[in-house]
Amino acid sequence: MTSGIYTIRCKVTEKVYVGSSKKIETRWLQHKYQLRKGIHHSKKLQHAWNKYGEDAFEFVIVEEVIGGLVTVFEQTYI
């Protein structure tokens with residue numbers, strides 16, 4: 001599993017959601033599940049997902065981070 005910083009980018013608006021996780025691949029599956037169900041905690045991301053559709057989004061691992069510094073790196077990217 002990859003630990004680090006990731007983004008979910010809307011290719012239409014160029015807006016980006018920044019997140020971090022110790023298990024990025026698992027977290028991406030959680031995001032997609034919640035977005036597909038319409039229950040994502042980020043109202044802005046959910047609205048854009050509903051408006052533009054799943055194909056308008058890309059998931060990118062920005063930086064792999066080893067150890068407990070994941071949230072520190074996330075704040076840098078935000």
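Now for a description of the structure that goes with this document. Owing to the predicted nature of the structure, the values given are computational and were not obtained by experimental measurement.

Tracing the backbone shows His 40 in the loop between helix H1 (24–37) and helix H2 (43–52). Only 2.9 Å separates the side chain of His 40 from the backbone nitrogen of Ser 42, close enough to count as a polar contact. With sequence-adjacent residues up to four places away left out, His 40 is seen in contact with Tyr 17, His 31, Gln 34, Leu 35, Leu 45 and Gln 46.

Turning to the pattern of salt bridges, a few remarks are in order. For the structure shown, the criterion picks out three salt bridges. The partner of Arg 9 in a salt bridge is Glu 14, and the shortest N-O contact between them spans 2.9 Å. Glu 58 is the partner of Arg 9 in a salt bridge, and the nearest nitrogen-oxygen pair spans 2.6 Å. One end of the pair, Arg 9, is in strand S1 (residues 4–10); the other, Glu 58, is in strand S3 (residues 57–64), and 49 residues separate them in sequence.

It is worth spelling out the packing of H1 against H2 at this point. The geometry of H1 relative to H2 is characterised by a closest axis approach of 9 Å and an angle of 65° between their N-to-C directions. Taken together, the axis directions place H1 and H2 in an arrangement best described as roughly perpendicular. Remark: the crossing between H1 and H2 carries right-handed chirality. Contacts between H1 and H2 pair Lys 32, Gln 34, Leu 35 and Arg 36 from the former with Leu 45, Gln 46, Trp 49 and Asn 50 from the latter. Tallied by class, residues from the contact of H1 with H2 come to three nonpolar, three polar and two charged.

Right, let's get into H2. Three or more residues of H2 are buried, namely Leu 45, Gln 46, Ala 48 and Trp 49. In an axial view of H2, the angular spread of the buried residues amounts to 165°, which keeps them on one side of the axis. Those residues of H2 that are exposed and aimed more than 90 degrees away from the buried face are Lys 43, Lys 44, His 47, Asn 50 and Lys 51. Check the buried side of H2 and you find it contacts S1, strand S2 (16–21), H1 and S3. Two residues or fewer after H2 comes Gly 53, characterised by a positive phi angle close to 90°.

Moving on, we come to the layout of surface pockets. A volume near 280 Å³ is recorded for the largest pocket. Surrounding the largest pocket, 14 residues form its lining, Thr 13, Lys 15, Lys 44, Leu 45 and Ala 48 being those nearest its centre. Of all the secondary-structure elements, those providing two or more residues to the lining of the largest pocket are S1, S2 and H2. No other element matches H2, which puts six residues into the lining of the largest pocket. Classifying every residue of the lining of the largest pocket by side-chain character gives eight nonpolar, three polar and three charged.

Reading the values: rules and limits
- Residues numbered from 1 in each chain as written.
- Predicted model: local features only at pLDDT ≥ 70, side-chain atom pairs only at ≥ 80, totals over all residues.
- Heavy atoms only, no water.
- Helix = DSSP H or I, 4+ residues; strand = E, 2+ residues; numbered from the N terminus.
- Polar contact = N/O pair within 3.5 Å; in protein donor to acceptor, adjacent residues only side chain to side chain.
- Contact = heavy atoms within 4.5 Å.
- Salt bridge = Lys/Arg side-chain N within 4 Å of Asp/Glu carboxyl O.
- Axes fitted to C-alpha atoms, helices over the stretch in contact; angles between N-to-C directions.
- Parallel < 35°, antiparallel > 145°, perpendicular 65-115°, else oblique.
- Left-handed = near helix turned anticlockwise from the far one by under 90°.
- Nonpolar A, V, L, I, M, F, W, Y, C, P; charged D, E, K, R; others polar.
- Buried < 20%, exposed > 50% of the residue type's maximum accessible area, 1.4 Å probe, protein only.
- Arc of directions from axis to C-beta.
- 1 Å grid on protein atoms, 1.4 Å probe; cavity = no way out; pocket = protein on both sides within 12 Å on 5 of 7 lines; lining within 4 Å.
- Points joined across faces, edges and corners; volume = space filled by probe spheres on them.

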